[in-house]
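Overview (structure and organization)
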Amino acid sequence: MNTPAVETFDITRRFDDLVAVDSISIKVEQGELFGLLGPNGAGKTTLINMLSTMIPPSNGTARIWGVDVTNQPSRVRQNIGVVFQGTTLDDRLTGRENLDLHGRLYGLPKQLRKQRIDEVLELVELDDKAGVLVKTYSGGMMRRLEIARGLMHHPRVLFLDEPTLGLDPQTRNHIWDYIRRLNHEENVTIMLTTHYMEEADQLCERIAIIDHGGIKALDTPENLKDALGGDVIIFGTENETQASLLCKLYDENGSAGHVYYKDDSVSIMIQDGTHQIPHLLKIAIEAGIDILSVDLHRPTLDDVFLSHTGRDIRAEETSDVDRITYKLQGRRR
Amino acid sequence: MSDHGQGFKQDIHTAFNTVYTLWLREMLRFKRSKSRIIGSLATPLFFLVILGTAFNSSFQMRGGGGQTDFGFLAPGIIGMSILFSSLTGGVSIIWDREFGFLKEILIAPVPRFFVALGKALGGVTTAMIQGTLLMLIAFLLGVEYQSYLGMAASMGVMLLIGLGFIGLGIALASHTESHEGFQMIMTFITMPVLLLSGAFFRIGDLPQWMKTLVYLDPLTYGIMALRYTLIGETEIPINICLVALVLFALTTIGLGGYVFGKAKL
Ligand SMILES: Nc1ncnc2c1ncn2[C@@H]1O[C@H](COP(=O)(O)OP(=O)(O)OP(=O)(O)O)[C@@H](O)[C@H]1O
Ligand SMILES: [Mg+2]
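Attention now moves to the overall build of chain B. A tally of helices and strands in chain B yields eleven helices and zero strands. Counting from the amino terminus, chain B carries its helices and strands in the arrangement α-α-α-α-α-α-α-α-α-α-α. The globule rule puts the C-alpha radius of gyration for 265 residues at 18 Å, and the 19 Å found for chain B is close to it. Counting every position in chain B, which comprises 265 residues, the buried fraction comes to 53%. Within chain B, contacts between residues separated by at least 24 positions form 79% of all contacts whose residues are at least 6 apart in sequence. Working note: accessible area of chain B is about 12,200 Å², and carbon and sulfur atoms make up 70% of it. One finds the centroid of the 17 positive side-chain charges in chain B at a distance of 6 Å from the centroid of its 14 negative side-chain charges.

Below, the structure written as structure tokens:
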């Protein structure tokens, strides 16, 4: 059995009274592309900061490639690359100079440094911009340069904190490609954080859902979705009272799987949804609740997130307008 | 060679490498900021020309061995420019924090003390380039220095002053998180240090309370040493000046390196 790439043991971090990361124990295997999915303030960055030795845990510890983050931080640092949530480039230098300084800090000899700079620049397709001041780069280009820099010294584990935050969908897709490629071609173990469902879904081999500092679920995206049962049915009702009433009815009735309501709609996770709808509708009608709309789909990660946290990840950070646009885009696909 | 010896050699190599890398970064940035170089020379030159002319016409020199006011002022103004640029260089850690680059340095597997030292040497090099340029410009404007050797020696003095104040800047900036902090440092350190240093006046005739403050000001010893090397005049023996400057530089660099080592994100 190989040493895990990342293993945490009840790792905890407090800021005064606030528990930002609450006793998390997870294991990431070598070569994995692992995702931490959670809303703003879930504790993702705090966890990454502890794993990358930037802040000490309040309790518990972690090992990166078998090396303890609290006892041997400098040995851990040799083994990891980190792309932080905000930019950490020197924007008054060129892309190549940023990479060169990084190579020097990690002790790469001249010849290797040169070769490596060319390799990573090619990987993120920034060769033609290498001699230009970073100040003039777009957000996506800066992100790519940072990923390239994190790879310079052949880290065993690469931490990416929200690698595509705030980027447009096209750039995001590009960055996903780079991440996949470096996971395969460079054989780097990758642990990334995100609050984008599609990112976790499409990119990561396994994901951990993190909320309020704790891990709520951990598995492959497929397994997480399958665990909800075969289908998701969503009934639209007139108002929240009706929704909650209906929710309670289904709960008592017991024939439905997991049931939740949010605002005026009720979500039911159930096997063989197509054949269950008539029965469920009957229960509603008998109780005098008007059903205004019916939607049936395979579970998405949104449903997974909702079922584990009782909240909709997007509701908390995206404005309504954004959410509508998002849904429209989703339909068009 | 023993394992221990290998490890030690490796450590020395890492230390040197770290210092050089951080120094190189400062140089690359300096190279790009031509306007900053000109700007940083303009302020001291205004001081030199305007103050020098004003002093000349408004009051007679007392006991100044035949040197013009320009000659008396030039070392003071050079010291001032070293003070400004080295403090700014040290305090630039605040900007590194603000723009994120600090994380890139802190995450690297290198000893932080040498990171701070490299940054200090980079800033000092910048300050010395400015100080030397200023010295030459003053020369072209007619200031008479005592000898070429003295001019060369003054660069050594610039180095010591620079190290002292950049170390101080790093120590103060390592735990400062904001613009306001930067403003505070600049206001409450730069001006008193400059004005009390004897850069603009002779200290012999001052009232006792002020003399005490002047002797407590590390820049005083720098200005005196510059004046000694450049125009052969000083009110404090050069040996004392040099000892004071070396102690000041060692203390602040040590302190700066230590405090930076404890710096948080
Ligand atoms: N230095 C700090 N001092 C005090 N509280 C902090 C500090 N850093 C983080 N926190 C708190 O810890 C919690 C977790 O923050 P963290 O940055 O880890 O969340 P996150 O999952 O990365 O969120 P986001 O998606 O917004 O980046 C938040 O409530 C935050 O306010
Ligand atoms: Mg974060």
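Below, the discussion takes up the site of ligand 1. Residue and element names in this part refer to chain A. Ligand 1 sits among 13 residues. The nearest are G41, K44, T45, T46 and Q85. Taking A42, its main chain carries an N or O atom lying 3.1 Å from an oxygen atom of ligand 1. With respect to ligand 1, the side chain of E162 contributes an N or O atom lying 3.1 Å from an oxygen atom. Bound to the protein, ligand 1 loses 62% of the 630 Å² it would expose on its own. The element best represented in the shell around ligand 1 is helix 1 (residues 44-51), accounting for three residues.

So, on to the confidence of the model for chain A. With 92% of its residues at a pLDDT of at least 70, chain A reaches an overall mean of 88. For the stretch residues 316-333 of chain A, pLDDT sits under 50, and the model shows ten contacts to residues farther than four places along the chain or on other chains.

Accessible area lost when the parts come together is the quantity often used to give the size of an interface. With 24 residues of chain B in contact, the opposing surface of chain A contributes 27 residues. With both chains or domains summed, chain B and chain A bury close to 2,300 Å², and 61% of this area falls on carbon and sulfur atoms. Broken down residue by residue, the surface that chain B buries against chain A is led by E104, I107 and P109 of chain B, which jointly contribute 29%. The interface formed by chain B and chain A contains four salt bridges. Where D90 of chain A meets R29 of chain B, a salt bridge forms, and the shortest distance between an N and an O atom there is 2.7 Å. At the junction of chain B with chain A, the criterion picks out eight residue pairs in polar contact (both at pLDDT 80 or more). Of all the elements in the fold, those that place two or more residues in the side of chain B that touches chain A are helix 1 (3-32) and helix 5 (101-106) of chain B. Sort the elements by how many residues they give to the side of chain B that touches chain A and helix 1 of chain B lands first, with eleven residues. Tallied by class, residues from the side of chain B that touches chain A come to twelve nonpolar, four polar and eight charged.

What follows concerns the sheet that holds strand 11 (residues 214-219) of chain A. Residues and elements named next belong to chain A. Spatially, the six strands line up as an open sheet ordered 7-8-9-4-10-11, and their pairing is mixed. Two strands in the sheet have a free side with no partner beyond their single neighbour: strand 7 (80-83) and strand 11. The average angle at which neighbouring strand axes cross in this sheet is 15 degrees, direction not considered. Bridge analysis of strand 8 (residues 157-161) against strand 9 (residues 189-194) gives five bridges, and the strand direction is parallel. The partner of V157 across the bridge, within strand 9, is T189.

What counts, and where the lines are drawn
Residues numbered from 1 in each chain as written. Chains lettered and ligands numbered in written order. Predicted model: local features only at pLDDT ≥ 70, side-chain atom pairs only at ≥ 80, totals over all residues. Heavy atoms only, no water. Helix = DSSP H or I, 4+ residues; strand = E, 2+ residues; numbered from the N terminus. Rg over C-alpha atoms; globule rule 2.2 N^0.38 Å. Buried < 20%, exposed > 50% of the residue type's maximum accessible area, 1.4 Å probe, protein only. Contact = heavy atoms within 4.5 Å. Areas by Shrake-Rupley, 256 points an atom, 1.4 Å probe, with all protein chains shown as cover. Lys, Arg positive; Asp, Glu negative; His and termini not counted. Charge placed at Lys NZ, Arg CZ, Asp CG, Glu CD. Near = heavy atom within 4 Å. Polar contact = N/O pair within 3.5 Å; in protein donor to acceptor, adjacent residues only side chain to side chain. pLDDT = per-residue confidence, 0-100. Buried area = accessible area lost by both parts, 1.4 Å probe. Salt bridge = Lys/Arg side-chain N within 4 Å of Asp/Glu carboxyl O. Nonpolar A, V, L, I, M, F, W, Y, C, P; charged D, E, K, R; others polar. Pairing = 2+ DSSP bridges. Axes fitted to C-alpha atoms, helices over the stretch in contact; angles between N-to-C directions.

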